[in-house]
Amino acid sequence: MAVLVTGGAGYIGSHMVWRMLDQGEDVVVLDRLSTGFDWAVPAEAELILGDIADQALVEETIARRGIDAIIHFAGSIVVPDSVADPLGYYLNNTVKSRALIESAVRCGVPHFIFSSTAAVYGTPETSPVAEGAALQPESPYGTSKLMTEIMLRDAAAAHDLAYTVLRYFNVAGADPGLRTGQSTKGATHLIKVAAEAATGKRAGMDVFGTDYPTPDGTCIRDYIHVSDLADAHAAALARLRAGGASITANCGYGKGYSVLEVIDAVKRVTGRDFEIRLGERRAGDAVSIVADPALAKAEFGWRPRFDDLDTIVSHAVRWEEHLRVANSGKA
Ligand code: UDP
């Protein structure tokens, strides 16, 4: 019995691979390394270089390794890119996921966990937002993930497949042991960008919009530590293996922080100042997105361990320092 992790060479996927190995699972990673790194995959896991839509490869792997669960992270994740290249996003996130789900069904894989996103809610009508809220994605990215959620629902109704869809809020931080972390080049996410500014990798940073209807005028998000997110997947997998029914659950803490509060935390934790340029709004940003995490806690028994902004930030900064030292060694 083994677990297949697609996108296991990427940011969240590589944390999941370590999480599975930590609990003694056999792990197979399928990744084409378009954005991930082979060094992010631990030697204890088998790394297969390939595409999730290569059904011959996937089905041979499922049979050879006795895969009982697929945890599907592989996909494209940059919202503005999805606006520029919607068909590319529908191919990577929807069409290829369809092929993977079909392979799972054909081979009788009983459990499937899918990385979805809070972007399926668009601008939520309520905050915090629960799973039953209206699904109104505002980008091809959000729609591409929602379409896969729908395919899974319908496939599970027709076949012997139980799934868990996890809707991620803003994922940040790094493995506390620094075994892996967010290494994407040209990253755009707030905590990564601020950590790069604090470690001198970039000269200051921009705040996108200061005239939102929030206490300090900047957008509010629910930041979740990547290791807590990996724990949520592990708990979801245990629940499925125990016979749990298909379910869709938010992964966030239920607490929102503004952009300026996050930047203050980075400055406080590092004791370093850096330039902040107060700029225009970025297209497509919702004012406030905060999770109601009650369902994941009740159904999976998920108990976050790093539910603290300063902890998330300090792990992100430590990883940034680690990358800086590693890269200077290579130069
Ligand atoms: N943000 C910012 N400066 C940056 C990166 C992000 O002000 O350099 C803001 C962004 O406009 C949003 C929030 O930080 O309000 C979170 O953005 P991020 O890209 O991290 O995640 P998103 O919520 O868009 O998925």
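As shown above, the structure is provided for reference.
Reading the values: the criteria
Residues numbered from 1 in each chain as written. Predicted model: local features only at pLDDT ≥ 70, side-chain atom pairs only at ≥ 80, totals over all residues. Heavy atoms only, no water. Helix = DSSP H or I, 4+ residues; strand = E, 2+ residues; numbered from the N terminus. Rg over C-alpha atoms; globule rule 2.2 N^0.38 Å. Buried < 20%, exposed > 50% of the residue type's maximum accessible area, 1.4 Å probe, protein only. Near = heavy atom within 4 Å. Polar contact = N/O pair within 3.5 Å; in protein donor to acceptor, adjacent residues only side chain to side chain. Areas by Shrake-Rupley, 256 points an atom, 1.4 Å probe, with all protein chains shown as cover. Nonpolar A, V, L, I, M, F, W, Y, C, P; charged D, E, K, R; others polar. Pairing = 2+ DSSP bridges. Phe/Tyr/Trp six-rings, centres within 6.5 Å; stacked < 30°, edge-to-face > 60°. Lys NZ or Arg CZ within 6 Å of the ring centre and 35° of its normal. Core = buried A, V, L, I, M, F, W, Y, C linked by side-chain atoms within 4.5 Å. Contact = heavy atoms within 4.5 Å.

Chemist: What's the story with the overall build of the protein in this structure? I'm lost.
Modeler: Assigned secondary structure in the protein consists of ten helices and 14 strands. Expected size for 331 residues packed as a compact globule is a radius of gyration near 20 Å; at 19 Å, the protein falls within 12% of this value. Here the C-alpha coordinates of the protein stretch approximately 55 × 50 × 40 Å along the principal axes. A total of 331 residues make up the protein; the buried ones form 55% of that total.

Chemist: Just to check I follow, could you spell out the environment of Met 20 for this structure?
Modeler: By secondary structure assignment, the location of Met 20 is in helix H1 (residues 11-22). For Met 20, a relative accessible area of 0% translates into the label buried. For the pair formed by Met 20 and Gly 252, sequence separation is 232 residues and the distance between their alpha carbons is 21 Å.

Chemist: What am I meant to see in the site of the ligand here?
Modeler: Close contacts around the ligand come from 15 residues, with Leu 190, Asp 206, Arg 221, Arg 282 and Asp 285 the closest. At a separation of 2.8 Å, an oxygen atom of the ligand approaches a polar backbone atom of Leu 190. Taking 520 Å² as the accessible area of the ligand by itself, protein coverage stands at 87%. Of all the elements in the fold, those that place two or more residues in the shell around the ligand are helix H6 (190-198) and strand S8 (205-208). Here the residues of the shell around the ligand are counted per class, giving eight nonpolar, three polar and four charged.

Chemist: It is not clear to me how the sheet that holds strand S9 (residues 220-221) should be interpreted in this structure. Could you clarify?
Modeler: Where strands meet in a sheet, backbone hydrogen bonds hold them as pairs that are either parallel or antiparallel. In space, the three strands of this open sheet follow the order S12-S9-S14, with mixed pairing throughout. Lying at the two open borders of the sheet, with one neighbouring strand each, are strand S12 (257-258) and strand S14 (288-289). Sheet analysis places S9 next to S12, joined by two bridges and oriented antiparallel. By the bridge assignment for S12, Arg 221 is matched with Tyr 257.

Chemist: Is there a simple way to think about the packing of aromatic side chains in this case?
Modeler: For any pair of aromatic rings, geometry is given as the distance between the ring centres together with the angle between the planes. Under the definition given, this model contains four aromatic pairs. An angle of 10 degrees between the planes, with centres 6.5 Å apart, marks the rings of Tyr 253 and Trp 302 as stacked. A residue pair is termed long-range when its members are at least 10 positions apart, and Tyr 253 in the loop between strand S11 (247-251) and S12 and Trp 302 in the loop between helix H9 (294-300) and helix H10 (309-330) qualify at 49 residues. Residue classification places Tyr 253 among the buried positions, given a relative accessible area of 8%. Judged by its relative accessible area of 2%, Trp 302 falls in the buried class. One aromatic cluster in this structure is built from Phe 37, Trp 39 and Trp 319. Here the guanidinium or amino end of Lys 267 rests over the ring plane of Phe 274, the centre of that ring lying 5.0 Å away. Against the face of Tyr 212 rests Arg 281, its NZ or CZ located 4.0 Å from the ring centre.

Chemist: I'm lost on the pairing of strand S1 (residues 2-6) in this one. Help?
Modeler: Put simply, side chains in a regular strand alternate between the two faces of the sheet. In terms of burial, S1 is a largely internal element, five of the five residues being buried. Neither face of S1 is exposed, since Ala 2, Leu 4 and Thr 6 on one face and Val 3 and Val 5 on the opposite face are all buried. Pairing of S1 with strand S4 (residues 67-72), which is carried by five bridges, proceeds in the parallel orientation. The residue bridging Val 3 from the neighbouring strand is Ala 69, located in S4.

Chemist: Explain the nonpolar core here, please?
Modeler: The tendency in soluble globular proteins is for nonpolar side chains to be buried as a group. Ile 12, Met 20, Val 27, Val 171, Ile 191, Phe 274 and Phe 300 are the most contacted members of the largest nonpolar core, which totals 63 residues. In terms of residue count, the dominant contributor to this core is helix H7 (residues 226-241) (nine residues). If you look at the next biggest cluster of nonpolar residues, it comprises 23 residues, including Ile 48, Ile 62, Ala 74 and Tyr 163.

Chemist: What am I meant to see in the side chain of Glu 196 here?
Modeler: Along the chain, the position of Glu 196 falls in helix H6. A relative accessible area of 9% places Glu 196 in the buried class. Glu 196 has contacts with Lys 201, Arg 202 and Glu 320, leaving out every residue within four places of it along the chain.

Chemist: Looking at this structure, I do not really get unusual backbone geometry. What am I missing?
Modeler: A negative phi angle characterises most non-glycine residues, just as the trans form characterises most peptide bonds. For the peptide bond that leads from Ser 127 to Pro 128, omega is 0 degrees, which places it in the cis range. Note on placement: Pro 128 falls in the loop between strand S5 (111-117) and helix H5 (140-158). In this model, Leu 33 sits at a positive phi of 60 degrees, which is unusual for a non-glycine residue. With respect to the secondary-structure elements, Leu 33 resides in the loop between strand S2 (27-31) and strand S3 (46-49). With a relative accessible area of 25%, Leu 33 lands in the partly exposed category. For Leu 178, which is not a glycine, the phi torsion comes out positive at approximately 55 degrees. Turning to its location among the elements, Leu 178 is positioned in the loop between strand S7 (170-172) and H6. By relative accessible area, which is 23% here, Leu 178 ends up partly exposed.

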